[in-house]
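# Structural overview for review
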Amino acid sequence: MRHDQEGPPGDPLSGLLDQVRRSLRDLGGGAPASYIPELSRVDPDLFGLSLCALDGQVYGSGDTQVPFTVQSVSKPFVFALALADRGLEEVLTRVGAEPSGEAFNSIRLEPGTGRPPNPMVNAGAIVTTSLVAGDTPEARFDRILDGLSAFAARPLAVDEAVYASERATGDRNRALAYLMHNAGSLTGDVEDQLDVYFRQCSVLVTCDDLAVMHATLAAGGVNPVSGTRVVAPRHAQHVLAVMATCGMYDASGQWMLQVGMPAKSGVSGAIGVALPGQFGIGVFSPPLEEKGNSVRGIAACHLLSDQFGLHLMRASVPERRPMPPRSLDPAPLRSLRHRPRDQRAALEAHPDRIRVHVMQGDLDFATAEQTLRAARELPAAVGWFALDLTRVGRIEPVAADLLRALGENLRGRDVRMVLADPDQRQAMVHAADEFPDLGRALESCEDAFLTDLGIDPAAPVPLADCDLFGRVDPDLRAALADAFDTLRLADGDSVAPPARQLRERIVLWYVESGRLAVCADTAKAVPALRTWSAGPGAALTPADFPARIARRVLAERDTVCRTLTASGLVRLRALAPEAVAHLERAPLEGADTVDRPDAG
Ligand code: GLU
């Protein structure tokens, strides 16, 4: 059965896999293996590409669920089982760990010991198969099938037709086995041992299975889908090391040079790849080059390695250590903007509209992938996704690609992605908007949300129109407003220190229009460490201007501020004591225009 599954629709990572697969779909050359007759009956156009992340999420493109026989891709896993059952030392007495530089069916054994060169060529694999625990061939095969199934996180079965075909035509493997038996490296009944090996090669898997199996090795032996430990971390490490040096037969050196990821290929056209600590990949495309490796499979691995910067030897000195990203519960998160009461009420009534996602450390494939997952699970109500990159060091190209694709994907779902990034890496990620800190990013999301609700957060709220004084009649309100001084600031002006002096004289600040902000460092073009901001309708007390922290109060737009001095307050109290009592609660409660319905 052929199917063309393209991963979860619109998923950015499946989209990238799709691009890789599509770009290689027409790549010709090679032919399916024919020395095992049953293998030559395959559809040569089948092509699947799967990736399993270490949290168990599987992404795929193409024929990811079409079964094929695992062939030599079983070898690393059976080597792992032999290590688990016998330990490294004993296994190494029977099989070497050196690249042979020869083909998969090479017949050369180590002079003196008779050991096959490594567990990745047929001879070595026949030995490791024989080392798996079990008193009878049936018991050993059961252990192998159970083990492979545990690596795949699902029960696997044997393709009986391929098994019969291998057995009937496996004379070269038979010759190898008898040679090793004669040399002492293979013990027991030779035909029995071969039978288990042929069955093992005939186990059916899919591309998705290969991705999960290799992700288990990449995760140090714990299957990320089932959560089960399949082998010990040190054995997973040993297997990856041997895959890295010997996994691609006589092309292993060049593979390490150009692709740089531990991998294993098989004559069915499968390639499995494990990037330690990151993910597992499965590729399937039957036509093979002369060395027995899948033509498109190799090309796909080259592309992935190049485009995603995955080469293991790539010197990446961490700038900041990666930490798992966190999605924060948005309810208590608000920008540090002083807002009038109606705006606060609207934001409080919809705490789920804005979601913050904090990333820390260097962003690599794995952290970006976790972010994609978080984005996929966003509640439907979310309209803004704020990515906090404040604590992010380097952004790997693959992470930037994924985040960029995420931004586009979110836009399609009517969610705007905004960045908080002091390093201004907008060009890499192409989010719609970028801000130097999370406070400003949130503020912009809030403003956009309020605007959608029909509240203009930038609309001036003249003092004479606001309810700062309670519901007093308009004439008295105008008289009360007259007791305030007016402070006009142009965009970029600062209310210079000493703030202490300001504090002593002014007891209340009211922003009529524009915006004020307190920044610790105004020397920079974009002042850092913004403590708060205040827009129209906000009332502030001297406590909002702590002398030590607030170096300067800055106008971020042309701003009109009304200020009340201590003596002005005395005058007001004489005029309307109740209004002043109301006024003194204003900075806590916020003001609102009188003609708006009371939202609090
Ligand atoms: N069953 C195959 C053989 O022994 C495996 C070879 C391979 O996949 O490289 O010939």
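Scroll up for the structure.
Residues numbered from 1 in each chain as written. Predicted model: local features only at pLDDT ≥ 70, side-chain atom pairs only at ≥ 80, totals over all residues. Heavy atoms only, no water.

## A short note on the overall build of the protein chain
Convention followed: A run of H or I in DSSP counts as a helix once it spans at least four residues, and a run of E counts as a strand once it spans at least two, with each numbered from the N terminus. Each accessible area is a Shrake-Rupley estimate made with a 1.4 Å probe; only the visible protein chains count as cover when residues are assessed.
Summing up its helical and strand segments, the protein chain has 20 helices and 21 strands in all. Summed over all atoms, the accessible surface of the protein chain reaches about 24000 Å², with 53% contributed by carbon and sulfur.

## Description of a negative patch on the surface
Just so we agree on the cut-off: Residues forming no salt bridge and having over 30% relative accessible area are the ones grouped into patches, like charges within 9 Å of each other and nonpolar side chains (Val, Leu, Ile, Met, Phe, Trp, Tyr) within 5 Å. In the sections that follow, a salt bridge refers to a side-chain nitrogen of Lys or Arg positioned within 4 Å of a carboxyl oxygen of Asp or Glu. In this tally, Lys and Arg are treated as positive and Asp and Glu as negative; His is ignored, and so are the chain termini. Working definition for charges: the position is that of NZ of Lys, CZ of Arg, CG of Asp or CD of Glu.
A cluster of acidic residues, Glu138, Asp142, Asp146, Asp189 and Asp192, forms a negative patch on the protein surface. A per-element tally of the negative patch places helix H4 (residues 137-152) first, with three residues. As for its placement among the helices and strands, aspartate 189 is situated in the loop between helix H6 (171-183) and helix H7 (190-201).

## Here we look at the site of the ligand
Worth spelling out the cut-off: In this text, near means that some heavy atom of the residue lies within 4 Å of the molecule or strand in question. Here a polar contact is recorded for every N or O atom pair within 3.5 Å, except that within protein the pair must consist of a potential hydrogen donor and a potential acceptor, and residues adjacent in sequence are included only if both atoms are side-chain atoms.
In the vicinity of the ligand, the contacting residues are Tyr35, Gln71, Ser72, Phe104, Asn122, Glu166, Asn173, Tyr197, Cys201, Tyr249, Gly266 and Val267. Within the side chain of asparagine 122, an N or O atom sits 3.0 Å from an oxygen atom of the ligand. The backbone of valine 267 places a nitrogen or oxygen atom 2.8 Å from an oxygen atom of the ligand. Protein contacts shield 99% of the accessible area of the ligand, which totals 300 Å² for the unbound molecule.

## What about the pattern of salt bridges?
The condition that has to hold: Burial classes: relative accessible area under 20% of the type maximum marks a residue as buried, over 50% as exposed, and values in between as partly exposed (1.4 Å probe, protein chains only).
Enumeration according to the criterion identifies 31 salt bridges in this entry. Note that arginine 314 is salt-bridged to glutamate 396, the shortest N-O span being 2.8 Å. Here arginine 314 is found in the loop between helix H11 (295-308) and strand S8 (323-328), whereas its partner glutamate 396 is found in the loop between strand S11 (384-395) and helix H14 (397-412), with 82 residues between them in sequence. Overall, the relative accessible area of 36% leaves arginine 314 in the partly exposed class. For glutamate 512, the salt bridge identified is with arginine 562, shortest N-O distance 3.3 Å. Residue glutamate 512 is found in strand S16 (residues 506-513), and its partner arginine 562 is found in strand S21 (residues 559-565); the two are separated by 50 residues along the sequence. Under the relative-accessibility criterion, arginine 562 is labelled buried at 11%. Because the salt bridges share partners, they merge into one network encompassing Arg337, Arg339, Glu443, Glu446, Asp447, Arg515 and Glu556.

## Thoughts on the pairing of strand S2 (residues 58-62)
Cut-off, in case you're wondering: Criterion used throughout: strands pair if DSSP finds at least two bridges between them.
In terms of burial, S2 is a largely internal element, four of the five residues being buried. For strand S1 (residues 48-53) and S2, the ladder comprises five bridges, and the chain directions are antiparallel. Paired with cysteine 52 across the two strands is valine 58, which belongs to S2. The turn linking S1 back onto S2 is made up of four residues, and glycine 56 within it adopts a positive phi angle of 90°.

## What to know about the sheet that holds strand S19 (residues 539-540)
Convention followed: Here, residues are in contact when the closest pair of their heavy atoms is within 4.5 Å. Every axis corresponds to a line fitted to the C-alpha atoms, with the helix fit spanning only the stretch in contact, and the corresponding angles, defined between N-to-C directions, vary from 0 to 180 degrees.
With antiparallel pairing, four strands are arranged side by side in an open sheet as S14-S21-S16-S19. Lying at the two open borders of the sheet, with one neighbouring strand each, are strand S14 (485-489) and S19. Pairing of S14 with S21, which is carried by five bridges, proceeds in the antiparallel orientation. Paired with aspartate 485 across the bridge in S21 is threonine 563. Relative to S21, helix H19 (residues 566-575) is tilted by about 70°, and along the sheet it contacts S16 and S21.

## Overview of the sheet that holds strand S7 (residues 279-284)
Strand order across the open sheet formed by five strands is S2-S1-S7-S6-S5, with antiparallel pairing between neighbours. Because the sheet does not close on itself, it has two edges, and the strands there are S2 and strand S5 (263-265). Sheet twist, expressed as the average angle between the axes of neighbouring strands with direction ignored, equals 10°. Relative to the sheet, helix H8 (residues 207-218) contacts S1, S2, strand S6 (270-275) and S7, its axis offset from that of S7 by approximately 150°. Along the sheet, helix H13 (residues 365-376) contacts S1, S2 and S7; its crossing angle with S2, the most-contacted strand, is approximately 90°.

## Regarding the pairing of S7
Counting buried residues in S7 gives six out of six residues, a clear majority hidden from the surface. In S7, alternate side chains face the same way, and those of Phe279, Ile281 and Val283 on one face and Gly280, Gly282 and Phe284 on the other are all buried. Pairing geometry for S1 and S7, over six bridges, is antiparallel. Bridged to leucine 49 within S7 is valine 283. Between S6 and S7, which follow one another and run antiparallel, lie three residues, and glycine 277 among them has a positive phi close to 75°.

## Here we look at the packing of aromatic side chains
Here is the rule: Each Phe, Tyr or Trp ring, with Trp reduced to its six-membered ring, pairs with another whose centre is within 6.5 Å; inter-plane angles below 30 degrees give stacked pairs, above 60 give edge-to-face pairs, and intermediate values give tilted ones.
As enumerated under the stated definition, the model contains seven aromatic pairs in all. Between phenylalanine 68 and phenylalanine 284, the ring centres sit 3.9 Å apart and the planes meet at 10°, which makes this aromatic pair stacked. Highlighted residues: phenylalanine 68 in strand S3 (residues 68-69) and phenylalanine 284 in strand S7, separated in sequence by 216 residues. Per residue, the accessibility class of phenylalanine 68 equals that of phenylalanine 284, and both read buried.

## A short note on the side chain of glutamate 369
You can see glutamate 369 is positioned in helix H13. Arginine 373 provides the closest opposite charge to the buried, unpaired glutamate 369, separated from it by 4.6 Å. Apart from residues lying up to four places away in sequence, glutamate 369 is in contact with Leu13, Ala53, Asp55, Gln57 and Tyr59.

## Topic: the nonpolar core
The test is simple: Throughout, nonpolar core names a set of buried Ala, Val, Leu, Ile, Met, Phe, Trp, Tyr and Cys residues whose side chains join them through atoms within 4.5 Å.
Phe151, Val203, Leu210, Met213 and Leu217 are the most contacted members of the largest nonpolar core, which has 59 residues in total. For this core, the secondary structure elements donating two or more residues are helix H2 (75-94), helix H3 (122-131), H4, H6, H7, H8, helix H9 (233-246) and S6. At eight residues, the largest contribution of residues to this core is made by H2. Filtering out sequence-adjacent residues up to four positions away, phenylalanine 151 remains in contact with Phe77, Ala80, Leu81, Val212, Met213, Thr216, Leu217, Asn223, Val230 and Val231.

## Thoughts on the packing of H3 against H7
Stated formally: Should an angle lie under 35 degrees it is considered roughly parallel, over 145 roughly antiparallel, and from 65 to 115 roughly perpendicular; all remaining angles are considered oblique. Amino acids are sorted into nonpolar (Ala, Val, Leu, Ile, Met, Phe, Trp, Tyr, Cys and Pro), charged (Asp, Glu, Lys and Arg) and polar (every other residue, Gly among them).
Viewed as axis vectors pointing N to C, H3 and H7 meet at an angle of 105°, and their least axial separation amounts to 9 Å. For the element pair H3 / H7, the angle class is roughly perpendicular. Here Asn122, Ala125, Ile126, Thr129 and Ser130 of H3 come into contact with H7, specifically with Gln193, Leu194, Val196, Tyr197 and Gln200. Of the residues assigned to the contact of H3 with H7, the class counts are five nonpolar, five polar and no charged.

## Side note on H14
Inclusion rule: Helix span, as expected, comes to 1.5 Å for every residue beyond the first.
Its 16 residues give H14 an end-to-end C-alpha distance of 23 Å, which sits within 8% of 22 Å, the value for a rise of 1.5 Å per residue. Inspection of H14 places Val398, Ala399, Ala400, Leu402, Leu403, Ala405, Leu406, Gly407, Asn409 and Leu410 among the buried residues, and these make up the whole buried set. Note on H14: the residue one or two positions beyond its end, aspartate 414, has a positive phi of about 65°.

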